Amino acid sequence: MSDPVFGRLLTAMVTPMTDDFAVDLDRAGELAQRLVDEQANDGLVVNGTTGESPTTTDEEKADIVRTTRQAVGDRAQIIAGVGSNITAHSVRMAKQAQQAGADGLLVVTPYYSKPTQEGIYQHFMAVAQATDLPIMVYDIPGRTGTAIATQTLVRLADHPQIVAVKDAKGQLVESAKVMADTTLAYYSGDDAITPALLSLGGVGLVGTSTHFTGRRMQQIFQARLAGRLDEALAIYREILPLLTGVFDLPGLTMVKAGLAHQGFDVGPTRLPMVPATGEPVERFCELLDRIDL
C-alpha cells in the first residue's frame, strides 16, 4: 500500500455563503474546524467542485485557502483545487495557492475541450513544474468528458511531485493496474466505493458525505488497518445510505441542506446550483437523525 501522503480522510469542503451570495470566510473557518476537530479529517480539499469552484473568483479562492489554513493550523493539511481547462490559468492558481498556504494541489483533467492524452499529460506536467507542492490528480470523466488513460497515469507518476490520485472513474481494474505499476497514493473520489478501492491498495477517501460521516469513516480505516475486517464492513453497511444518499441531488447542495438541518447553516448556493429541496432532502435528513454518527 502506498503512503497516505495527505492522510487517510479528507473532505471536499463546501464554501459557506452569506445570504447575498458572498463567500462567508468566518463561517468557512468554523466549518474547517468542525471538520477537523469533530469529524476527524486529516485534511481538507477546498476550492473543488463541491466548494463551488466554478463560481468563485481567483481572489475568493485565495481567501478560502488562507482562512482554512489559519483555522486548522497544523492539525490538518489544506489541499487547494486549482482546476481549469486553461493550463496557464491552473498554473497561476497553483502559484497563488502555494502563496496562500496550501499544503498540496488538486488538479482535475481539463474539462469540456476533451484534450488528447498527450495534452492531458502536458497539462499536469506544466502545473507540477509551477510550484514545489505535491499534486493529487483528479480523474473524473463524468464531469470532464475525458478519462486519464492508465498509461498516462503511469507516465505522470514519474514526476516526483505528482504523488496521488483522486479516483472517480469507476474502473477499479484500471486503478489496480496503476497502483501495481506506480507508487501513486489512490484516494477514492466516490464515498461508497472506498472499501473496494482500499482492498486493491487505495489509501483513503476524499469525501462529500464526510461532512457528516467523517468519524465513522475513520473507524473503518482504523479497523481495516488492524485487520478487523468484519467490524469495518459492519460500520460501512451502517453508514452506506448516507454515503450514497448525499448524491441523490448534487452533493454540495445536499451537504448544505444537511448542515442546516444539524443547526450549522452555511448559506445558499450560487447559480446555476440551486438549494436542495423536496423528498430527497427529507430522506437524507431523516438518515442524519437516525444513523449513529
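What counts and how
Residues numbered from 1 in each chain as written. Predicted model: local features only at pLDDT ≥ 70, side-chain atom pairs only at ≥ 80, totals over all residues. Heavy atoms only, no water. Helix = DSSP H or I, 4+ residues; strand = E, 2+ residues; numbered from the N terminus. Rg over C-alpha atoms; globule rule 2.2 N^0.38 Å. Buried < 20%, exposed > 50% of the residue type's maximum accessible area, 1.4 Å probe, protein only. Contact = heavy atoms within 4.5 Å. Areas by Shrake-Rupley, 256 points an atom, 1.4 Å probe, with all protein chains shown as cover. Lys, Arg positive; Asp, Glu negative; His and termini not counted. Charge placed at Lys NZ, Arg CZ, Asp CG, Glu CD. UniProt positions renumbered as here; feature names shortened; annotations may be inferred. Core = buried A, V, L, I, M, F, W, Y, C linked by side-chain atoms within 4.5 Å. Salt bridge = Lys/Arg side-chain N within 4 Å of Asp/Glu carboxyl O.

**Q** Got a minute to help me understand the overall build of the protein in this structure?
**A** When helices and strands are counted, the protein shows 12 helices and eight strands. Taken over the C-alpha trace, the protein has a radius of gyration of 18 Å; the compact-globule value for 293 residues is 19 Å, and the two agree within 12%. Considering only C-alpha atoms, the protein reaches an extent of 45 × 45 × 35 Å along its principal axes. Out of the 293 residues in the protein, the part that is buried amounts to 58%. Of all intrachain contacts in the protein linking residues separated by at least 6 positions in sequence, the fraction that spans at least 24 positions is 70%. Carbon and sulfur atoms provide 51% of the accessible area of the protein, an area that totals close to 12000 Å². Looking at charge distribution, the protein has the averaged site of its 24 positive side-chain charges lying 4 Å from that of its 35 negative ones.

**Q** Would you mind showing me how to read the UniProt feature "site: Part of a proton relay during catalysis" (unreviewed entry) in the protein here?
**A** In the numbering used here, UniProt assigns the feature "site: Part of a proton relay during catalysis" (unreviewed entry) to Thr49 and Tyr112. Along the chain, Thr49 turns up in the loop between strand 2 (43-46) and helix 2 (58-72). Assessed through its relative accessible area of 29%, Thr49 is described here as partly exposed. Residues within four places of Thr49 in sequence aside, it is in contact with Pro54, Arg143 and Leu252. Here Tyr112 shows up in the loop between strand 4 (104-108) and helix 4 (117-128).

**Q** Would you explain the nonpolar core in this entry?
**A** One recurring pattern in soluble globular proteins: nonpolar side chains tend to sit buried together. With 79 residues, the main nonpolar core has Leu105 and Ile162 as its most contacted residues. In this structure, Leu10, Met136, Tyr138 and Ile140 belong to the second largest nonpolar core, which totals 16 residues.

**Q** Looking at this structure, I do not really get the pattern of salt bridges. What am I missing?
**A** Where charged atoms from two side chains of opposite charge come close, those side chains can pair. Summed over all chains, the structure comprises 14 salt bridges. Ionic pairing is found between Arg155 and Glu118, a salt bridge with its closest N-O pair at 3.0 Å. One end of the pair, Arg155, is in helix 6 (residues 150-156); the other, Glu118, is in helix 4, with 37 residues separating them in the sequence. Here Arg155 falls in the partly exposed class, since its relative accessible area comes to 35%. Connected through shared salt-bridge partners, Asp248, Glu279 and Arg283 make up one network.

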